[in-house]
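Working through the structure, step by step
Read off the chains here:
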Amino acid sequence: MKRSSKLANGCLIRFSVRQEAELFKKTQKLKIAKGKYISPSDETLNHFADRFIYVYAPTNWRPTTYPGVVAMIQNHILSELGMLPIQSITPLTIETHMSNLRKKKVMGPKSFSKEDKEVLTLSDKTIRDIFDILRKMFAKAVEWNVIEESPIKMQCPRVKNQETRTAWTKSNIKAALANIEDDMLYDLVFMCFFCSTRSGETVGITRDAIDLDDGDFGSIMIDKTLKRVKDRASKAIQFRFPKKVDTSTFTMVLKDPKNRASVRKVYLTQKGRERVMR
């Protein structure tokens, strides 16, 4: 029987019989008619990731999330899959990569001054986060007509139960405050403990958020937080502070809190009111 070949999705497909080639040809014509045909391309995952980060990331990732996700893409996805044509990546490619990640050692401070056998492998949460990024990247590749369908077919990796953090006791808090000599730092730490605010929320409190006539001793509206973010980050930014170093790629900003539930009113105690009025 005569062998036929056809170029599709960047790969040379060979057919053992003419009927298979004819069926393939009809399938491609049907896709064209329905507007679902994807032109063969040798675009690599490296190149697509640049587009994905530039277009999708600034308006969909929070400023504090942006640098971490970009680093995760570079260190744990592109380092292994970056040179592959995106149209050639299959479900087997993804499952193999996820399996390899479970054996991969951590990098950075967690590996410093340690022998190789002492360095831990990536945590379940990190592996799940990498999987979530891959799923979003390939979903966008489908939406942008780069590939016909996503190669992500496996289920999201599970995360084992993490240890519960131990809360500080009253004596722990008193001991911490007793060791603070700087008055401004004392006030900030005091607010964190007794108003249940995060550190960024505490230093992000502005005068317009304080109402000393509300309730018995006044209240503070927690509706912004102070963060250091990448320049390209744009989501949820309320105010950008002037840079002290022009060449820096980071900026201090006031931005929306972590999530909607974090926007809240905190009522002051008498001691809290005294601290605010100092």
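1. Section: the packing of helix α5 (residues 91-101) against helix α6 (residues 124-143)
- As a packed pair, α5 and α6 sit with axes 10 Å apart at the nearest point and diverge in direction by 155°. Taken together, the axes of α5 and α6 are roughly antiparallel relative to one another. The handedness of the crossing between α5 and α6 comes out as right-handed. On the side of α5, the interface is formed by Ile 94, His 97, Met 98 and Leu 101, while α6 contributes Ile 127, Ile 130, Phe 131, Leu 134 and Phe 138.

2. Here we look at the sheet that holds strand β7 (residues 250-255)
- Taken together, three strands build an open sheet; the order of strands is β5-β7-β6 and the sheet is antiparallel. Each edge of the open sheet carries a strand with a single partner, namely β5 (225-230) and β6 (237-240). Across the sheet, the mean angle separating the axes of adjacent strands is 40° when strand polarity is ignored.

3. Remarks on the packing of aromatic side chains
- This structure, assessed with the given rule, holds nine aromatic pairs.
- Between Phe 48 and Phe 52, the ring centres sit 6.4 Å apart and the planes meet at 25°, which makes this aromatic pair stacked. One end of the pair, Phe 48, and the other, Phe 52, are both in helix α2 (residues 45-55), four residues apart, so they sit about a helical turn from each other. Grouping residues by exposure puts Phe 48 and Phe 52 together as buried.
- One aromatic cluster is present, formed by Phe 48, Phe 52, Tyr 56, Trp 61, Tyr 66 and Trp 144 through successive ring pairs.

4. Overview of a nonpolar patch on the surface
- Where nonpolar side chains cluster on the molecular surface, the patch consists of Phe 239, Phe 241 and Met 252 and spans about 260 Å² of accessible area.
- The residue Phe 239 is located in strand β6 in this model.

5. Notes on the pairing of β7
- As paired strands, β5 and β7 are joined by six bridges and run antiparallel to one another. Bridge assignment links Leu 226 to a residue of β7, and that residue is Leu 254.
- Relative to β7, β6 is paired through three bridges, and the arrangement is antiparallel. The partner of Ile 237 across the bridge, within β7, is Lys 255.

Calculation criteria
Residues numbered from 1 in each chain as written. Predicted model: local features only at pLDDT ≥ 70, side-chain atom pairs only at ≥ 80, totals over all residues. Heavy atoms only, no water. Axes fitted to C-alpha atoms, helices over the stretch in contact; angles between N-to-C directions. Helix = DSSP H or I, 4+ residues; strand = E, 2+ residues; numbered from the N terminus. Parallel < 35°, antiparallel > 145°, perpendicular 65-115°, else oblique. Left-handed = near helix turned anticlockwise from the far one by under 90°. Contact = heavy atoms within 4.5 Å. Pairing = 2+ DSSP bridges. Phe/Tyr/Trp six-rings, centres within 6.5 Å; stacked < 30°, edge-to-face > 60°. Buried < 20%, exposed > 50% of the residue type's maximum accessible area, 1.4 Å probe, protein only. Patch = residues over 30% accessible without salt bridge, like charges linked within 9 Å, V, L, I, M, F, W, Y side chains within 5 Å. Areas by Shrake-Rupley, 256 points an atom, 1.4 Å probe, with all protein chains shown as cover. Salt bridge = Lys/Arg side-chain N within 4 Å of Asp/Glu carboxyl O.

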